[in-house]
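Here are the chains, one letter per residue:
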Amino acid sequence: MASGTALIYDDEMTSYKLLWDDPECDIEVPERLLSSYEQLKHYHLVERCIHVPVREGTEEEIMLVHSSEYLEVVKSTQTMNEEELQRVSENYDAVYFHPNTYRCAKLAVGATLQLVDSVMSGKVRNGMALVRPPGHHSQRNAANGFCVFNNVAIAAQYAKRRYGLQRILIVDWDVHHGQGIQYVFEEDPSVLYYSWHRYEHQQFWPLLRESDYDAVGQGKGKGFNLNVPWNKVGMGNSDYLAAFFHVLLPVAFEFVPELILVSSGYDSGIGDPEGQMNATPECFAHLTHFLMQLANGRLCAVLEGGYHLKSLSESVCMTVKTLLRDPLPQISGEMAPCLSAIESIQNVRGAHKPYWKCLMYEGNCSSDAERNNFFCAVLGFILPVAYSYQPDLVIIVIGPNRSLGVNGISLLTCLLQGLAESQILVVIQVRSEIKLVQSVAKALSGVSTPDFGAYAPASQENVLEIKRLRDQLQQEWKMLRCSAHNHLQSKM
Ligand code: X5A
Ligand code: ZN
């Protein structure tokens, strides 16, 4: 299995900026890249990464997502004067052009594709590309929200073509809805798109009806578009973790992606003027860690938004540090998702019930439909309790007569390493088979992530028991909450 983390950065992508007065756009500054890279140097993370050079994306690559007409418009901005630039910019929502924008946008695409190539060729296990302009809002015929070319969408199309991938997961943790990505893959079941975003019942930019939880995808792509709309500001670590435990991770483990692309925006972090959310930089370490357990660790993080320079750069560092497999920092704050977050989570779970087994058999449905799998026990019970408790030490004891398979135990070991600053002991009964010992040792050392093949489904008896425990314990262990109904019930 490949090791090593790629870092892709070139200061040429700082060579464009806003030239006139525009209060909506003036937060997207070159210093976003400079301060992130400075902070990576400060923590000596740059020297631990494998430096991969950027290149320009080709016209052919750009046209995997965009029209040639739009490409020509962007190209034409290279030679424009300020007045002309301003006029083109006004054709789009929250966009500014500079004579260097086209060059940088091509570099942002190329940087992203270099990262995909590095990961897919096995040169590295994972990596991050620090790019400007961002991409997730841009569309076939339009720039939008500071975005010119859709770096991550192009990367997914490219990976499908060049490497024949059949399942790609895009996780968009930027605080804005990446509607551009949603539009590209809406009908495509080979790309699962997950986005959470500040929504406030459609009162927040980009003010779209289709950012809500009921946009599940269309045609063959039904079930492959997951929107978690946040209807309040101030969402924090526990809300984000709850969305991972109860929405993204169960679906992602069922999807079995071959590659993960992260639309890695940090305007969802604390202090950001756009997002107004509260997640601390440590939170991004944990989000990254969970995703590293999928797709054999093949993860490409590509910068999107993030406008509070300190918060942005610390969060970038947390992401890269985690990709490098450093122990994770403890996550701070009381672990209790707020009611509004639980409502959003319940809504998206409900909307996706028809499409995912892990969601289908939950809730108050008839018991003969209970045929859940092991992931739902780990993600729906063990992890939420563990994160609620925040232990200083994790001990996993594997006794005789166990019902979990080798894969399950290894997965659990990997996932629990995010806790207790990775201080973890696994106690295995002497007479256990060598395969189990090897697999757990590999999980602990990080040389491989467990190979997720088919997991044995849990028995109906176990699933019911888990559900019963969850209802019983969620007052104390609030991370277990994933439906507002139970939340209210437990208060009575
Ligand atoms: C990439 C990104 C945000 C645009 C906000 C416009 N764009 N109000 O974060
Ligand atoms: Zn954003």
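The structure displayed is predicted, hence computed values, not measured ones.

Thresholds applied
- Residues numbered from 1 in each chain as written.
- Chains lettered and ligands numbered in written order.
- Predicted model: local features only at pLDDT ≥ 70, side-chain atom pairs only at ≥ 80, totals over all residues.
- Heavy atoms only, no water.
- UniProt positions renumbered as here; feature names shortened; annotations may be inferred.
- Helix = DSSP H or I, 4+ residues; strand = E, 2+ residues; numbered from the N terminus.
- Contact = heavy atoms within 4.5 Å.
- Buried < 20%, exposed > 50% of the residue type's maximum accessible area, 1.4 Å probe, protein only.
- Near = heavy atom within 4 Å.
- Polar contact = N/O pair within 3.5 Å; in protein donor to acceptor, adjacent residues only side chain to side chain.
- Areas by Shrake-Rupley, 256 points an atom, 1.4 Å probe, with all protein chains shown as cover.
- Nonpolar A, V, L, I, M, F, W, Y, C, P; charged D, E, K, R; others polar.
- Donors = N, O, S within 2.8 Å, 3.2 Å for Na, K, Ca; no water.
- Phe/Tyr/Trp six-rings, centres within 6.5 Å; stacked < 30°, edge-to-face > 60°.
- Axes fitted to C-alpha atoms, helices over the stretch in contact; angles between N-to-C directions.
- Parallel < 35°, antiparallel > 145°, perpendicular 65-115°, else oblique.
- Left-handed = near helix turned anticlockwise from the far one by under 90°.
- Pairing = 2+ DSSP bridges.
- Salt bridge = Lys/Arg side-chain N within 4 Å of Asp/Glu carboxyl O.

Re the UniProt feature "domain: Histone deacetylase" (unreviewed entry) in the chain
Following the UniProt record, the feature "domain: Histone deacetylase" (unreviewed entry) maps to residues 28-323 here. Measuring from the first to the last C-alpha atom of residues 28-323 gives 26 Å, for a span that is 40% helix and 12% strand.

Quick notes on the side chain of S311
Within the element layout of this structure, S311 appears in helix α10 (residues 309-323). Ignoring anything within four residues of it in the chain, the contact list for S311 reads G269 and I270.

Focus: the pairing of strand β6 (residues 225-230)
Among the six residues in β6, six count as buried, and that is most of the element. A two-sided burial pattern is seen for β6, the buried positions comprising N225, N227 and P229 on one face and L226, V228 and W230 on the other.

Quick notes on the site of ligand 1
Near ligand 1 lie 15 residues; those nearest to it are E24, G145, H176, D267 and Y307. One of the side-chain nitrogen or oxygen atoms of H137 is found 3.4 Å away from a nitrogen atom of ligand 1. Within the side chain of D267, one N or O atom sits 3.0 Å away from an oxygen atom of ligand 1. Contact with the protein chains hides 98% of the accessible area of ligand 1, taken as 310 Å² for the molecule alone. Of the residues in the shell around ligand 1, the class split is six nonpolar, five polar and four charged.

Some details on the coordination of the zinc ion (ligand 2)
Ideal geometry at a metal centre gives angles of 109.5 degrees when four donors are arranged tetrahedrally and 90 or 180 degrees when six donors are arranged octahedrally. Binding of the zinc ion (ligand 2) to the protein goes through D174 (OD), D174 (OD), H176 (ND1) and D267 (OD), at separations of 2.0 to 2.6 Å. Using a relative accessible area of 4% as the deciding quantity, one classes H176 as buried. Look at D267 and you get buried, because its relative accessible area is 0%.

Digging into the packing of aromatic side chains
Taken as a whole and judged by the stated rule, the model has 24 aromatic pairs. Plain terms: the ring middles of F244 and F290 are 6.5 Å apart, the flat faces sit at 50 degrees to each other, and that makes the pair tilted. Residue F244 is located in helix α8 (residues 237-255), and its partner F290 is located in helix α9 (residues 281-291); the two are separated by 46 residues in the primary sequence. Comparing F244 with F290, the two get one shared label, buried. An aromatic cluster is defined as three or more aromatic residues linked by ring pairs; in this entry it consists of Y194, W196, W230, Y240, F244, F245, F290 and Y387.

A word on the packing of helix α1 (residues 31-42) against α10
Axis angle and axis distance: for two packed helices, these are the angle between their axes and the distance between the axes, and together they describe the pair. Running from N to C, α1 and α10 point in directions that differ by 50 degrees, and their axes come no closer than 8 Å. Judged by the angle between their axes, α1 and α10 are oblique. Where α1 crosses over α10, the two elements pack in a sense that is right-handed. Within the contact between the two elements, α1 uses E31, R32, S35, S36, Q39 and L40 and α10 uses L309, K310, L312, S313, E314, V316, C317 and V320. Class assignment of the residues belonging to the contact of α1 with α10 gives a composition of six nonpolar, four polar and four charged.

Points about the environment of G221
Summarising the element assignment, G221 is placed in the loop between β5 (191-198) and β6. Along the primary structure G221 and V191 are separated by 30 residues, whereas in three dimensions their C-alpha atoms are 8.4 Å apart. Setting aside anything within four residues of it in sequence, one finds G221 in contact with E186, E187, D188, P189 and V216.

What to know about the sheet that holds strand β8 (residues 299-303)
A sheet is described by the order of its strands in space; here eight strands give the open sequence β2-β1-β3-β8-β7-β4-β5-β6, paired in parallel fashion. Each edge of the sheet is formed by a strand with only one pairing partner; in this case those strands are β2 (50-51) and β6. Pairing geometry for strand β1 (residues 5-8) and strand β3 (residues 126-129), over four bridges, is parallel. For T5, the partnering residue across the bridge sits in β3 and is N126. The strands that α8 touches are β4 (168-172), β5 and β6; relative to β5, the one it contacts most, it runs at about 170 degrees.

Examining the pattern of salt bridges
As enumerated under the stated definition, the model contains 18 salt bridges in all. Taking the shortest distance from any N to any O, the salt bridge between K310 and E314 comes out at 2.9 Å. In this pair, K310 and E314 both sit in helix α10, four residues apart, roughly one turn of the helix. Counted as one network, the salt bridges with shared partners bring together E12, E56, R103 and K106.

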